[in-house]
4 protein chains.
Amino acid sequence: MDADSLIHIARPRDGFNRLYPITMGRYGPTVAVPRILETYRRLGLKQSFFIPAWTMQQYPDTVEAILRDGHEIGHHGFLHEDPTTIAQPEQRHWFERALQVHQRMTGRKPAGYRAPVYNVTQGTVDLLVEHGFSYDSSLMADDVPYLMKTPAGELFEVPPHWGNDDWPAFAHFEEIGYMMPVRSPSIGLSAFFEEFEAHYEAGGLWMPVWHPFLTGRLARWRLVEAFLERILANHNVWFAPLAEIVAHVDAFRRGGGHVRVENLPYYDGPVALMTNRGQAASPL
Amino acid sequence: MDADSLIHIARPRDGFNRLYPITMGRYGPTVAVPRILETYRRLGLKQSFFIPAWTMQQYPDTVEAILRDGHEIGHHGFLHEDPTTIAQPEQRHWFERALQVHQRMTGRKPAGYRAPVYNVTQGTVDLLVEHGFSYDSSLMADDVPYLMKTPAGELFEVPPHWGNDDWPAFAHFEEIGYMMPVRSPSIGLSAFFEEFEAHYEAGGLWMPVWHPFLTGRLARWRLVEAFLERILANHNVWFAPLAEIVAHVDAFRRGGGHVRVENLPYYDGPVALMTNRGQAASPL
Amino acid sequence: MDADSLIHIARPRDGFNRLYPITMGRYGPTVAVPRILETYRRLGLKQSFFIPAWTMQQYPDTVEAILRDGHEIGHHGFLHEDPTTIAQPEQRHWFERALQVHQRMTGRKPAGYRAPVYNVTQGTVDLLVEHGFSYDSSLMADDVPYLMKTPAGELFEVPPHWGNDDWPAFAHFEEIGYMMPVRSPSIGLSAFFEEFEAHYEAGGLWMPVWHPFLTGRLARWRLVEAFLERILANHNVWFAPLAEIVAHVDAFRRGGGHVRVENLPYYDGPVALMTNRGQAASPL
Amino acid sequence: MDADSLIHIARPRDGFNRLYPITMGRYGPTVAVPRILETYRRLGLKQSFFIPAWTMQQYPDTVEAILRDGHEIGHHGFLHEDPTTIAQPEQRHWFERALQVHQRMTGRKPAGYRAPVYNVTQGTVDLLVEHGFSYDSSLMADDVPYLMKTPAGELFEVPPHWGNDDWPAFAHFEEIGYMMPVRSPSIGLSAFFEEFEAHYEAGGLWMPVWHPFLTGRLARWRLVEAFLERILANHNVWFAPLAEIVAHVDAFRRGGGHVRVENLPYYDGPVALMTNRGQAASPL
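Residues numbered from 1 in each chain as written. Chains lettered and ligands numbered in written order. Predicted model: local features only at pLDDT ≥ 70, side-chain atom pairs only at ≥ 80, totals over all residues. Heavy atoms only, no water.

Per an unreviewed UniProt entry, the recorded name for chain A is Chitooligosaccharide deacetylase, and the organism is Mesorhizobium huakuii. Turning to chain A, the UniProt annotation filed under Function (unreviewed entry) states: "Is involved in generating a small heat-stable compound (Nod), an acylated oligomer of N-acetylglucosamine, that stimulates mitosis in various plant protoplasts." (UniProt positions renumbered as here; feature names shortened; annotations may be inferred.)

Structure follows, in structure tokens:
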């Protein structure tokens, strides 16, 4: 749940005075999340919300309502700042300031993290390990959770991917350079529903990434709700917050089950060589 | 109804000599609006048109025809200038000059406003309050009308959103940097029709934002017309100009009904801090 | 039929050495047009091809085949140069050099013109009038042919529009900044077929704009061919080159029929005022 | 199979530290290719993989598995460097260094080549001829294989095209400037299936270009697999690596069959003239 963090970080100078993107974002915590929570409550589902700390501070009632219903809140940066665009000391600063907000507002450190724009760096992984996170949910190396081992420690990855994210289907946001040709609710959501069928058939994990200000819109959420009802009635599915899913995978692994391992860091330095023109590049 | 205001504001130097976008825009007042008016007349509908004042001056017969049929004309800037790109004194200048055109051509101040590109600033809201507007229709914080309270006064918001706007489905306009992959009439319009079903089911408000030069095109409007006929025959719906809808909401509120309130201004200054590079940004 | 003119004009320095866009374009005259001509021959259709003069020179056999089958060839610039990007003397130079190519290769001046990127200027219209063209086919002010009157003379406009053009559905051409999410043949072409139904019902004009290198592709043309067969079998339609359609409209008008008139030039100078920053703009 | 070569070449400075695109790419060799190989093994298919040499070095087990199953590996540059962006000596350097990797890892020179981004230059063709390649698969001048004759020798072209490539349907990759509105599996893949029907009916060649990290995704590959099963059961089709298809075409030609010839180079120098502004251009 990004709310209006996106416009402030994208337009630091005048984002505060751009009321259209502010209200487009505010729809998330004030209208969509109550609707989503109602659905989850009725269907008995517990899920995970990733929220920038600044957004948590701005919308404390929404945070409260999410917690009251037993959902998980994960770390999603301070103001949706992209880790690849800031230096490591700055990344640490905001990462830890966000942790303090989580601690203060939820009473605990979050177990999971999702990077703004999925843009994890090795420095981000190191921060997650250092702070004892049990999982990240930003990287795409597999269909099911896997373990990331780094020199400093390890954590699980619960992988998203673009075919299961509502940004390409519904985001129309010129100020952040993201102009998708918004789809009808049924066409836009059919991608998620087809993903479900495939992952269900494979006995895998289906993790739709839905932004409240996009998929929580009235006409879209109505279809999501009907879909959830249908699969809960007809399929043998387990819905849970990601932290529980990760705990399940961890137990499976400790019991001798196979979980794939990715060893990090992937690279210690650039693979390609900059040309003098600073434009085209050659392999090293 | 923007007509060719878009190309003049986008290409101030040579827009006047770009005949393709000029004619693409002129199709609105000269071909599409007469067609739309005919449909509304036949079906007994009254609706709202938002028109830049310059466009009103250029196409007085179209303005006349709209008024003759009892439709509402709302404020839509002078030449479709984006409020976020001009200073407040300049915004006031054009806002008020547009008001004069409305006064002269319609005999009254408009009751409603829609910002070009939906780009309302706090200064825009202040102008609306100052000039006694009863509503804005550019902001997206809810599915149904809500009240915006500011220190200087209040007005209603009748919220649009991108899933109910024809720009993403049909706009293909390189000169303004808006290159959508134009959809077939039936696929492009299905989004609106699905939105209707959802809002009807919810007992809410369905406000499609249709630009005459886009949705008023022959093959598209034919589908809209058939859809309107169908829902008028089979559904219990009330179509009205936005000013009437707002009056209805206002009466409901005065009678003790609950209408959500958004308090403005949202922010007094920047939320994020510019870096020296003026590019990436950090939260304050 | 643009063939590879597009890459040469877009990348004047190295377009000649970019073999992928060259071959993507060459597919038009060498593979697609023979296929298209075969269909038209079998179905007894005569149509119009707009070809840059340079392309005519490069592919004389294709020009020959088009003429042999009795189709019309219209003026489409010299090397697909955009009239809005060159000064009037330069526009005249290439316009007239193209005329010479038409004269030499087809034995006559063309009757019709379509501007590259539809980008007609008032100067283009003046050239068309000066050279006795009977029609242009680039502007979008109506659904059916209309008359453009200028101080120097008049000509008809046979209007295209983006909902009936294959560029948005199939063009994927990074070198010219045109990256559409290519559609499946059936989804991409459904727009044209829906347009036909609407214009047929209205008793109007259906003018699909199909580029041989896009819609002439095997899997797409197969659907077009089946569609043409179907409507020829079941509908009361008249297919003809645009010049014949224009002659028909002209006769209709001379017989007292109503044809809408657009008076040009639309504007004598800029409508909007540049700011000092040269960026945002205000109405004059 | 590009894997993460794309991010390193696109972001030479910090691509090594962008874990989201790295993992999105790694999904190809580690998850998708094993899945794809399993399908091909079960269905008895041999196919062709084009892999940058750097990627081969990074993922030797995947290369091994592909070879073990009897598939072909073609040349795809060293680090997915675009031939049109580097000088000819640099192109030769990386082209030949890649050849060495192929020789070392596969025991032989590759028979075929596909240019990164399809961006073949005349210099690329010359390198292919010089090194005895039997085919390229990047250019688009026909639906079926054709012969390219150059002064230095000849080779076949097995032509792809954008309607049969998964990049437009599924690629969402901001770092390389490629933001497609990702489609649902069934809508995105329907283009390929329609292409098959058309080429099957024509007795031609169907060559889908599928990137493992895109079409090899779980929900998408499931549809591909079902489709392949269906056409293998019901159609008279021959699947083979491109090298075998080219050998077949070559034998057909030597037996007197007609194979179309394209004579290269197409042009010796620029066709269009740069203006002083270096922007707009005029034909020479």
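(A) Broad picture of the overall build of chain A. The helix and strand tally for chain A stands at 11 helices and 11 strands. Scaling as 2.2 N^0.38, a compact globule of 284 residues should have a C-alpha radius of gyration of about 19 Å, and chain A matches this with 19 Å. Each principal axis of the C-alpha distribution contributes one length, and for chain A these read about 55 × 55 × 40 Å. In chain A, which comprises 284 residues, the share counted as buried stands at 65%. For chain A, the share of sequence-separated contacts (at least 6 apart) that also reach a separation of at least 24 residues comes to 63%. On chain A, the mean spot of the 25 positive side-chain charges and the mean spot of the 33 negative ones are 4 Å from each other. (Helix = DSSP H or I, 4+ residues; strand = E, 2+ residues; numbered from the N terminus. Rg over C-alpha atoms; globule rule 2.2 N^0.38 Å. Buried < 20%, exposed > 50% of the residue type's maximum accessible area, 1.4 Å probe, protein only. Contact = heavy atoms within 4.5 Å. Lys, Arg positive; Asp, Glu negative; His and termini not counted. Charge placed at Lys NZ, Arg CZ, Asp CG, Glu CD.)

(B) Up close: the relation of the copies chain A and chain B. Laying chain A over chain B is done by rotating through 90° and shifting 0.0 Å along the axis; what remains is an RMSD of 0.0 Å. Expressed as a symmetry operation, the mapping of one chain copy onto the other fits a four-fold axis. Looking at the rotation axis and the C-alpha trace of chain A, the residue lying nearest is Pro181(A), at 5.0 Å. In this assembly, only 8% of the residues forming the interface of chain A have copies in chain B that are likewise at the interface, indicating a heterologous arrangement. (Least-squares fit on C-alpha atoms with pLDDT ≥ 70 in both.)

(C) Main features of the environment of His102(A). Residue and element names in this part refer to chain A. Here histidine 102 is to be found in helix 5 (residues 88–106). For the pair histidine 102 and glutamine 122, spaced 20 residues apart in sequence, the C-alpha separation works out to 23 Å. Not counting residues up to four positions away in its chain, the partners in contact with histidine 102 are Ile51, Met56, Ile73, Gly74, His75, Gly107, Arg108 and Pro110.

(D) Just empty space enclosed by the protein, in detail. On inspection of all chains with the given rule, the structure shows 16 cavities of 30 Å³ or more. Of the voids in this model, the largest cavity is the one considered here, and its volume is about 100 Å³. Forming the walls of the largest cavity are 14 residues, and the residues nearest its centre are Met24(B), Phe170(B), Phe213(B), Leu214(B) and Trp162(C). Elements with a contribution of two residues or more to the lining of the largest cavity: strand 7 (172–173) and helix 9 (212–215) of chain B. (1 Å grid on protein atoms, 1.4 Å probe; cavity = no way out; pocket = protein on both sides within 12 Å on 5 of 7 lines; lining within 4 Å. Points joined across faces, edges and corners; volume = space filled by probe spheres on them.)

(E) Structural context of the side chain of Arg114(B). Residues and elements named next belong to chain B. Tracing the backbone shows arginine 114 in the loop between strand 3 (112–113) and helix 6 (122–130). Despite its burial, arginine 114 pairs with no opposite charge, the nearest such side chain being aspartate 165 at 6.8 Å. Residue contacts for arginine 114: discarding those within four places in its chain leaves Phe50, His75, His76, Asp136, Ser137, Ser138, Met207, Val209 and Leu242. (Salt bridge = Lys/Arg side-chain N within 4 Å of Asp/Glu carboxyl O.)

(F) Just unusual backbone geometry, in detail. Each neighbour pair has its own omega, and for Leu264(C) with Pro265(C) the value is 0°, a cis peptide bond. Positionally, Pro265(C) belongs in the loop between strand 9 (261–263) and strand 10 (272–274). Even without being a glycine, His80(A) presents a positive backbone phi close to 60°. Checked against the element boundaries, His80(A) lands in the loop between strand 2 (72–75) and helix 5. For His80(A), a relative accessible area of 10% corresponds to the buried category.

(G) Quick peek at the interface of chain A and chain D. Between chain A and chain D, the contact holds 51 residues from the first and 48 residues from the second. Around 4,100 Å² of area is buried between chain A and chain D when both sides are counted, 60% of it from carbon and sulfur atoms. Here chain A and chain D share four salt bridges between them. Ionic pairing is found between Arg26(D) and Glu262(A), a salt bridge with its closest N-O pair at 2.8 Å. The interface formed by chain A and chain D contains 16 residue pairs in polar contact (both at pLDDT 80 or more). Those elements that place two or more of their residues in the side of chain A that touches chain D are helix 6 (122–130), helix 8 (185–201), strand 10 (272–274) and strand 11 (281–283) of chain A. Looking at the side of chain A that touches chain D, the element that brings in the most residues is helix 8 of chain A, giving nine residues. Among the residues forming the side of chain A that touches chain D, the class breakdown is 29 nonpolar, 11 polar and 11 charged. (Buried area = accessible area lost by both parts, 1.4 Å probe. Polar contact = N/O pair within 3.5 Å; in protein donor to acceptor, adjacent residues only side chain to side chain. Nonpolar A, V, L, I, M, F, W, Y, C, P; charged D, E, K, R; others polar.)

(H) Examining the side chain of Glu225(B) more closely. Residue and element names in this part refer to chain B. Summarising the element assignment, glutamate 225 is placed in helix 10 (residues 218–234). Polar side-chain contacts of glutamate 225 include one of 2.9 Å to the side chain of arginine 42. Not counting residues up to four positions away in its chain, the partners in contact with glutamate 225 are Glu38, Thr39 and Arg42.

(I) The arrangement of the UniProt feature "domain: NodB homology" (unreviewed entry) in chain A in detail. UniProt's feature table lists "domain: NodB homology" (unreviewed entry) at residues 18–240 of chain A, given in the numbering used throughout. Structurally, residues 18–240 of chain A is divided into 49% helix and 12% strand, and its ends, taken at the C-alpha atoms, are 37 Å apart.

(J) Quick look at the pattern of salt bridges. Across all of its chains, the model carries 60 salt bridges over all chains by this definition. The partner of Arg92(A) in a salt bridge is Glu96(A), with the nearest N and O atoms 2.8 Å apart. Taken together, the residues span about one helical turn, with Arg92(A) and Glu96(A) both in helix 5 at a distance of four residues. Owing to a relative accessible area of 32%, Arg92(A) belongs among the partly exposed residues under this scheme. Ionic pairing is found between Asp250(D) and Arg253(D), a salt bridge with its closest N-O pair at 3.8 Å. Residue Asp250(D) and its partner Arg253(D) are located together in helix 11 (residues 242–254), separated by three residues, close to a single helical turn.

(K) Spotlight on the packing of aromatic side chains. Taken as a whole and judged by the stated rule, the model has 80 aromatic pairs over all chains. Pairing Phe78(B) with Trp94(B) gives two aromatic rings, centres 5.1 Å apart and planes at 45°, and the pair type is tilted. Within this pair, whereas Phe78(B) is found in the loop between strand 2 (72–75) and helix 5 (88–106), its partner Trp94(B) is found in helix 5, the two being separated by 16 residues in sequence. On the basis of relative accessible area, Phe78(B) is assigned to the buried category, the value being 2%. The class for Trp94(B) is buried, based on a relative accessible area of 6%. With a centroid separation of 5.7 Å and 75° between ring planes, the pair formed by Trp167(C) and Phe213(C) is classed as edge-to-face. Taken as a pair, Trp167(C) in helix 7 (residues 167–170) and Phe213(C) in helix 9 (residues 212–215) lie far apart in primary sequence, 46 residues in all. Owing to a relative accessible area of 9%, Trp167(C) belongs among the buried residues under this scheme. By way of ring pairs, the aromatic residues Tyr40(A), Phe192(A), Phe193(A), Phe196(A), Tyr200(A), Trp206(A), Trp210(A), Trp221(A), Phe227(A) and Phe239(A) are connected into one cluster. (Phe/Tyr/Trp six-rings, centres within 6.5 Å; stacked < 30°, edge-to-face > 60°.)

(L) Structural detail: the arrangement of the chains. What separates chain A from chain C at the closest point of their C-alpha atoms is a distance of 10 Å, and the two make no contact. For the non-touching pair chain B and chain D, the nearest C-alpha separation works out to 10 Å.

(M) Geometry of helix 8 (residues 185–201) of chain B. Taking 1.5 Å per residue as the helical rise, helix 8 of chain B with its 17 residues ought to reach 24 Å, and the 24 Å between its terminal C-alpha atoms agrees with that figure. The largest bend in helix 8 of chain B is about 30°, located at Ala191(B). The buried count for helix 8 of chain B comes to 12 of 17 residues, which makes it a mostly enclosed element. Those residues of helix 8 of chain B not exposed but buried are Pro185(B), Gly188(B), Leu189(B), Ser190(B), Ala191(B), Phe192(B), Phe193(B), Glu194(B), Glu195(B), Phe196(B), Ala198(B) and His199(B). Buried residues along helix 8 of chain B sit in contact with helix 8 and helix 10 (218–234) of chain A, helix 7 (167–170), helix 9 and helix 10 of chain B together with helix 8 (185–201) of chain C. One or two steps after helix 8 of chain B, the chain reaches Gly203(B), where phi turns positive at roughly 65°. (Expected span 1.5 Å × (residues − 1). Bend = angle between axes of the 7 residues up to and from the residue.)

(N) Examining the relation of the copies chain A and chain D more closely. Expressed as a screw transformation, the operator carrying chain A onto chain D has a rotation angle of 90° and an axial translation of 0.0 Å, and the superposed copies differ by an RMSD of 0.0 Å. A low fraction, 8%, of the interface residues of chain A reappear at the interface in chain D, so the copies pair through non-equivalent surfaces.

(O) Highlighting the interface of chain A and chain B. Chain A puts 48 residues into the contact, and the matching count from chain B is 51 residues. Approximately 4,100 Å² of surface area, both sides summed, lies buried where chain A meets chain B, with 60% of it carried by carbon and sulfur atoms. One salt bridge in this structure joins Glu201(B) and Arg222(A), with 2.8 Å as the shortest N-O distance. The tally of links from chain A across to chain B stands at 16 residue pairs in polar contact (both at pLDDT 80 or more). Elements supplying a minimum of two residues to the side of chain A that touches chain B: helix 1 (5–10), helix 2 (19–43), helix 3 (53–58), helix 5, helix 8 and helix 10 of chain A. When residues of the side of chain A that touches chain B are assigned to their parent elements, the largest contribution, 11 residues, is made by helix 2 of chain A.

(P) Summary view of the packing of helix 10 of chain A against helix 8 of chain B. At their nearest, the axes of helix 10 of chain A and helix 8 of chain B sit 8 Å apart, and the two run at 80° to each other. Viewed along their axes, helix 10 of chain A and helix 8 of chain B adopt a mutual orientation that is roughly perpendicular. Mapping the contact onto sequence places Leu218(A), Ala219(A), Arg222(A) and Leu223(A) in helix 10 of chain A and Glu194(B), Glu195(B), Glu197(B), Ala198(B), His199(B) and Glu201(B) in helix 8 of chain B. Its residues assigned to classes, the contact of helix 10 of chain A with helix 8 of chain B comprises four nonpolar, one polar and five charged. (Axes fitted to C-alpha atoms, helices over the stretch in contact; angles between N-to-C directions. Parallel < 35°, antiparallel > 145°, perpendicular 65-115°, else oblique.)

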